[in-house]
Amino acid sequence: MEARLSIQITVNGKTVSDHVEPRTLLAHYLRDGLGLTGTHIGCDTSQCGACTVLLDGEPVKSCTVLAVQADGTQVMTVEGLAAPGTAHPVQQAFQEMHGLQCGFCTPGVLMLSTWLVQQHQTSDLRHIRESLDGIICRCTGYENIVKAIARAGELAVDEPAAPAASQREGVPS
Amino acid sequence: MIPAPFRYTRAATVDEAMQVLQQDSDAKVLAGGHSLLPMMKLRLARPSHLVDVTRIPELSTLKMSSDVVVVGAAVRYAVLSQSRIAEVMPLLTEAVRLIADPQVRHRGTVGGSAAHADPASDLAAVFLATDALFVVASPRGIRRIPAAEWYVAPMVTALAGDEMLVRVEFPQPQPARQTYLKFAHPASGYALAGVAAMLDIQEGMIQHVRLAVTGAGAMPFRARSAEQLLAGRPLAAVRFEEAADAGAKDGEYLSDAQYSEEYRRNLACVMMRRALEKLAAE
Ligand SMILES: Cc1cc2nc3c(=O)[nH]c(=O)nc-3n(C[C@H](O)[C@H](O)[C@H](O)COP(=O)(O)OP(=O)(O)OC[C@H]3O[C@@H](n4cnc5c(N)ncnc54)[C@H](O)[C@@H]3O)c2cc1C
Ligand code: FES
Ligand code: FES
């Protein structure tokens, strides 16, 4: 085993310092190191997008990023979207439009959708479909996912800003 | 799946990265990791040491001038596709937007694509069509490798083990009409045929034709026979079908379980014809 390296990552608004093996994947670090099991590992071959998180605000497949590559960055997982018992506009839209069935792909879909909403890229359905290229959902047939993302865009316009990152839960202190 | 153990160094400068490559012949450069990490997870690659070059400021350069466009090796696709380079090289940004999906485009880099040298890499066609120059650093100094000499074999480039790619230079100006057309594999999304095409039309005459094909052939290639049939001819008198057919013959094709050699050559021909028709109609 190679020596562990120290990393500091801000996950869902809380800064964590840790030591990891260089080969530790970000997805594994979030799940096993921090107990944030919302991030799912579907294919483990960079195809399905279930492991998608936001890295410095951008969607990435965390099964294909090393934890050491995320040193010094801000990571947001599905746990960071809203405090327990409350729903982020994107989550609300997925509930309203039945944008999930088994829910396995959903954490990744929600993170990609959050990015699309933040980028104001939800008005064109064709663009939404294209943006889902890196997401594999075995259940829904995507129709309701597309509708939910469009709806999330509408809700986000009406809603006040999401709670400050520091107020979000989901990271063990 | 977890890669075999390795050491990790985040280089702050090109010199620091080169030092690691020199000290350890099994060391490899890590850029976006979107080709290297999947291979390491499958243990198809087992480097002893990864040198992360993505935080070397020099490798994130994006510069435009009247005679050259410079793209740092660690510039990510997503950054490039949003950049002003679209104004002078729409071909490059069009191609980048067709690579994989948003998540992959936020990690994958121009230099990683070049150095990985997948024969279906979208950028390979762009590099070849634009006569790009690969600027490479090693303890022996800097050298420039022309795109025509870069791709040596599938997954093999002209890069030596202790060399690293610093940036790609695209000479300017390029022909004004540019496009990249891709026929993607329905499952993998990689190009079954990707065509980079550029030309000028001056007073009804076709000039400066550049055509390159990725994905279809065993190696990406420049379709020079097509270029020669078209350059200097009146637009009204040329047959794109004929030129594309000749150009497709410049490639070497292999049959596999899914696609025959003839299918691949035909696809290269069809995509070249479509690209030419599109540019002529602009
Ligand atoms: C799901 C998926 C779909 C994809 N679809 C496409 C597609 O449609 N079209 C396409 O073109 N590509 C596609 N790719 C590949 C993607 O473009 C990769 O990002 C790219 O091939 C490698 O770039 P990277 O920055 O990730 O390099 P890395 O994976 O970090 O490195 C790749 C190789 O290049 C070497 N290297 C990297 N940078 C340098 C440097 N500066 N100097 C010397 N050597 C270097 C590394 O040592 C390694 O050998 C896909 C990848 C995935 C995971
Ligand atoms: S688990 Fe990461 S892409 Fe499928
Ligand atoms: S809801 Fe089941 S995989 Fe998407």
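A quick note: this is a predicted structure, and the numbers were derived from the prediction, not measured. (Residues numbered from 1 in each chain as written. Chains lettered and ligands numbered in written order. Predicted model: local features only at pLDDT ≥ 70, side-chain atom pairs only at ≥ 80, totals over all residues. Heavy atoms only, no water.)

(A) Just the interface of chain A and chain B, in detail. Contacts between the two partners involve 31 residues from chain A, matched on the other side by 29 residues from chain B. Linking chain A with chain B are four salt bridges. At the level of elements, β3 (52–55), β4 (58–61) and α3 (106–118) of chain A are the ones that each hand at least two residues to the side of chain A that touches chain B. If one sorts the elements of the side of chain A that touches chain B by residue count, β4(A) sits on top with four residues. Here the side of chain A that touches chain B is composed, by residue class, of 14 nonpolar, ten polar and seven charged. (Contact = heavy atoms within 4.5 Å. Salt bridge = Lys/Arg side-chain N within 4 Å of Asp/Glu carboxyl O. Helix = DSSP H or I, 4+ residues; strand = E, 2+ residues; numbered from the N terminus. Nonpolar A, V, L, I, M, F, W, Y, C, P; charged D, E, K, R; others polar.)

(B) A look at unusual backbone geometry. A cis amide bond links Q172(B) to the next residue, P173(B), at an omega of -5 degrees. You can see P173(B) is positioned in the loop between β10 (164–171) and β11 (177–184). Of note, the phi angle at S46(A) is positive, near 70 degrees, even though the residue is not glycine. Assignment of secondary structure puts S46(A) in the loop between α1 (26–33) and β3. Unlike most non-glycine residues, D56(A) shows phi in positive territory, near 50 degrees. The residue D56(A) is located in the loop between β3 and β4 in this model. Since its relative accessible area comes to 47%, D56(A) is described here as partly exposed. (Buried < 20%, exposed > 50% of the residue type's maximum accessible area, 1.4 Å probe, protein only.)

(C) The arrangement of the nonpolar core in detail. Residues and elements named next belong to chain B. If you look at the biggest cluster of nonpolar residues, it comprises 53 residues, and the most contacted ones within it are L123, F127 and F170. When near neighbours in sequence (up to four residues on either side) are disregarded, L123 contacts Y77, L92, A95, V96, I99, V110 and S113. Core analysis: the next-biggest nonpolar cluster, separate from the first, contains 30 residues, A243, A248, Y253 and L267 among them. (Core = buried A, V, L, I, M, F, W, Y, C linked by side-chain atoms within 4.5 Å.)

(D) The arrangement of the domain arrangement of chain B in detail. Per the domain assignment, the segments making up chain B are domain 1 (7–52), domain 2 (57–171) and domain 3 (177–281). A separation of 36 Å is found between the C-alpha centroids of domain 1 of chain B and domain 3 of chain B. (Domains from an automatic or database assignment.)

(E) View of the sheet that holds β10(B). Residue and element names in this part refer to chain B. Taking strand neighbours across the sheet as the criterion, the five strands line up as β4-β5-β10-β6-β7 in an open arrangement whose pairing is antiparallel. A strand with exactly one partner marks an edge of an open sheet, and here the two such strands are β4 (62–64) and β7 (141–146). This sheet shows a mean twist of 20 degrees between the axes of neighbouring strands, independent of strand direction. In terms of strand pairing, strand β6 (residues 133–138) meets β10 through five bridges, oriented antiparallel. Each residue of the ladder has a partner; that of V135, found in β10, is R167. (Pairing = 2+ DSSP bridges. Axes fitted to C-alpha atoms, helices over the stretch in contact; angles between N-to-C directions.)

(F) Spotlight on the environment of A226(B). Residue and element names in this part refer to chain B. Tracing the backbone through its elements, the reader meets A226 in helix α10 (residues 224–230). Judged by its relative accessible area of 0%, A226 falls in the buried class. A C-alpha to C-alpha distance of 16 Å links A226 and P175, two positions 51 residues apart in sequence. Those residues in contact with A226, other than ones at most four positions away along the chain, are L211, A243, G247 and D250.

(G) Representation of the domain arrangement of chain A in the model. All names here are of chain A. Annotation of chain A at the domain level lists domain 1 (5–78) and domain 2 (89–158). Centre-to-centre separation of domain 1 and domain 2, based on C-alpha positions: 21 Å. Taken together, the contact between domain 1 and domain 2 spans 18 residues of the former and 15 residues of the latter. Seen at the junction of domain 1 and domain 2, the total is zero salt bridges. Our count for the contact surface shared by domain 1 and domain 2 stands at four residue pairs in polar contact (both at pLDDT 80 or more). Counting residues per element, the ones that place at least two in the side of domain 1 that touches domain 2 are β3 and β4. (Polar contact = N/O pair within 3.5 Å; in protein donor to acceptor, adjacent residues only side chain to side chain.)

(H) Fine view of the site of ligand 1. Residues and elements named next belong to chain B. What surrounds ligand 1 is a group of 29 residues, the closest being V29, S35, Y77, T109 and D122. Between ligand 1 and A31, the relevant distance is 2.8 Å, taken from an oxygen atom to a main-chain nitrogen or oxygen of the residue. Measuring from a nitrogen atom of ligand 1, one finds a side-chain N or O atom of D122 at 2.7 Å. In the complex, 95% of the free accessible area of ligand 1, which totals 970 Å², lies under the protein chains. Within the shell around ligand 1, the residues separate by chemical class into 14 nonpolar, twelve polar and three charged. (Near = heavy atom within 4 Å. Areas by Shrake-Rupley, 256 points an atom, 1.4 Å probe, with all protein chains shown as cover.)

(I) Structural detail: the pattern of salt bridges. The final tally for this structure, using the stated rule, is 25 salt bridges over all chains. R151(A) serves as the salt-bridge partner of E96(A), at 2.7 Å between the closest nitrogen and oxygen. Of this pair, E96(A) sits in helix α2 (residues 89–96) while R151(A) is found in helix α5 (residues 143–158), placing the two residues 55 residues apart along the sequence. Residue class for R151(A) comes out partly exposed when judged on its relative accessible area of 24%. One salt bridge connects R144(B) with E169(B), and the closest N-O pair in it is separated by 2.9 Å.

(J) Fine view of the environment of V104(B). Within the secondary structure, V104(B) is located in helix α6 (residues 102–105). Take V104(B): its relative accessible area is 14%, and that puts it in the buried class. As for V104(B) and D245(B), which are separated by 141 residues in sequence, their C-alpha atoms are 34 Å apart. Leaving out residues up to four positions away in the same chain, V104(B) has contacts with K61(A), H34(B) and Y77(B).

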